[in-house]
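# Per-entry structural report
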Amino acid sequence: MKPASAPRTSGFTLVEIMIGLLIGMIGIVVIMQTFSVSEGYKRTSTSGSDAQVNGGLAMYLLQREIRLAGYGLNSLTPMGCTNIVAYNSNTGSTFSLRMVPLEINPAGIPAGDPGTDTILITYGSAENFVTGVGADQPSNSSANYTVRNNRDAFQPGDLVIAVQPGAGAGGGPTCLLQEVTLVPSASSCGAGGGNGSSELIHNTGQYKNPNKNCQMTTPTYNKPSGITDPATGNPMPALNSANGGTIFDIGPLPQVKVYAIRGGNLTVCDLMTQDCSVAANFSPMVSGIVSLRAVYGKDTDGDGAVNGWDRNALLTAADANSVVATAVEVTAKSGLKEKPSAGSGTCDTTTDAARPDPAQDWFGAGLAAASQIDLSGTAADWQCYRYKLFQTSVPLRNMIWRP
């Protein structure tokens, strides 16, 4: 009997295996190419969206603040009070507080990132005042104020600026910041009645502050012995309403803010509460912002309309008073870095440091070289990112609608 033969085994030949591997590798290459293209679209879309959101938010915040600029200062600035003498009991020092509605690159403020501006914005918070009230003091600046009208509009905690025309250097005014601690009426926290029927008291003792739920508060801006001028060392003069002595109420929470680009972020510092000559005191607000530029719109003939745009320094009160508008640009950077060009191996996503957003041109660049956008100093790889430019012009209505 013939023995049974063993069953034949089947399998792949070497050629078949190599063909299968080739097909698989082609499939992987196609898949990876599709993924790479898709990831590129996703990266561009996501990073562009980030820049759009950050830039829009930064512009909204600045525009909102600029619209408030000059509130409560529209009569104060024309009187020549652009630098206010103030005393801070927390530091025990007297200083000069820059207080103009809007200023580009104010003195004493450290510069932001290369090729960017700093912007000072000031506005008051009083509910009842657009102009000043005549006032007197019997002896010196430490004496209480006697106001001639509108006495019931003051509240404890309000900050007031006392202006005496002609009493300063060169015949200019003296301007002094102080804090009201007691008012004639009893409308605030049940505490009222100064030593006189129209007397505003500004002492150094604690008082009930209606802005802090009537809690006892120690005043910050008063000095018992009277305040001296930090420039001359002379005592600040007493007010005399017959010679134009006037009090301006700027409310309990006036804002004197400086905005700057630091470390690729829009940052802010409040001169009323912080030392803004120190860059570390600026707080981040919006990330991914690499450029901030501004120009003034000035009214040079007093008709309330813009006659020209420039960036000339505000050297006098008349210069500050002429600013009735501003144009501002903000440039936001995408959060994701684009890949270098396959041909050159270098980034060419953005090629023009002065025109980072091909869809927008910053019109302020035509006014002065100092207002041009320049991203070349922001980072060594600035060309690897996409950018969105936002710009607007904002009227300073509080300076146009003067009393």
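As a starting point, this report considers the structure included with it. (Residues numbered from 1 in each chain as written. Predicted model: local features only at pLDDT ≥ 70, side-chain atom pairs only at ≥ 80, totals over all residues. Heavy atoms only, no water.)

### Side note on the sheet that holds strand E18 (residues 323-333)
Here is the rule we go by: Two strands qualify as a pair provided DSSP detects at least 2 bridges between them. Starting at the N terminus, helices and strands are each numbered in turn, a helix being any DSSP run of H or I of at least four residues and a strand any DSSP run of E of at least two. Only the contacting stretch of a helix is used when fitting its axis, a line to C-alpha atoms as for every element, and angles between N-to-C directions run 0 to 180 degrees.
Judged by pairing direction, the sheet is antiparallel, and its four strands sit side by side in the order E17-E16-E18-E19 without closing on themselves. Across the chains shown, the open sheet's two edge strands, defined by having one partner strand only, are strand E17 (308-310) and strand E19 (387-395). Neighbour to neighbour, the strand axes of the sheet diverge by 25° on average, direction disregarded. Sheet topology places strand E16 (residues 289-298) next to E18; nine bridges connect them, and they run antiparallel. Looking at the pairing, Val295 lines up with Ala327 of E18.

### Topic: the state of the cysteines
Going by this rule: We call a pair of cysteine sulfur atoms a disulfide when they lie within 2.5 Å. Between buried and exposed lies partly exposed: a residue is buried under 20% and exposed over 50% of the maximum accessible area for its type, with that area taken using a 1.4 Å probe on protein chains only.
Applying the stated criterion across every chain, the model contains three disulfides. The disulfide that involves Cys81 links it to Cys175, with 1.9 Å between the sulfurs. The disulfide joining Cys81 to Cys175 has a torsion of about -80° about its S-S bond and is therefore left-handed. With a gap of 94 residues between them, Cys81 in the loop between helix H1 (14-68) and strand E1 (83-88) and Cys175 in strand E8 (residues 174-179) connect regions that are remote in the sequence. Comparing Cys81 with Cys175, the two get one shared label, buried.

### Points about the packing of aromatic side chains
The criterion, for reference: A pair of aromatic rings is counted whenever rings of Phe, Tyr or Trp (Trp by its six-membered ring) have centres within 6.5 Å, and the orientation is called stacked for planes under 30 degrees apart, edge-to-face for over 60 and tilted otherwise. Two conditions define a charge located above a ring, namely a distance within 6 Å from the ring centre to NZ of Lys or CZ of Arg, and an angle within 35 degrees of the ring normal.
Tallied over the full model, the rule gives two aromatic pairs. Residues Trp362 and Phe363 carry aromatic rings whose centres are separated by 5.1 Å and whose planes lie at 50° to one another, so their mutual orientation is tilted. Using a relative accessible area of 6% as the deciding quantity, one classes Trp362 as buried. Positioned over the ring face of Phe282 is Arg262, at 4.2 Å from the centre of the ring. Between Lys333 and the ring centre of Tyr385, over which it is positioned, the NZ or CZ distance is 4.4 Å.

### As for the environment of Ala86
In plain terms, the rule: The contact rule is simple, with two residues in contact once any of their heavy atoms fall within 4.5 Å.
Considering the arrangement of structural elements, one finds Ala86 in strand E1. With 135 residues separating them along the chain, Ala86 and Tyr221 place their C-alpha atoms 6.7 Å apart. For Ala86, the contacting residues outside a window of four places in its chain are Ser93, Thr94, Phe95 and Leu177.

### A word on the pattern of salt bridges
Applicable threshold: The working definition used for a salt bridge is a side-chain nitrogen of Lys or Arg within 4 Å of a carboxyl oxygen of Asp or Glu.
Summed over the entire model, instances satisfying the criterion amount to ten salt bridges. Arg311 serves as the salt-bridge partner of Asp117, at 2.7 Å between the closest nitrogen and oxygen. Of this pair, Asp117 sits in the loop between strand E3 (102-104) and strand E4 (119-123) while Arg311 sits in the loop between E17 and helix H2 (317-321), placing them 194 residues apart in sequence. Residue Asp117 is classed as buried on the basis of its relative accessible area, which comes to 1%. Between Asp361 and Arg355 there is a salt bridge; the shortest N-O distance is 2.4 Å. When salt bridges that share partners are traced, they join Asp117, Arg293 and Arg311 into one network.

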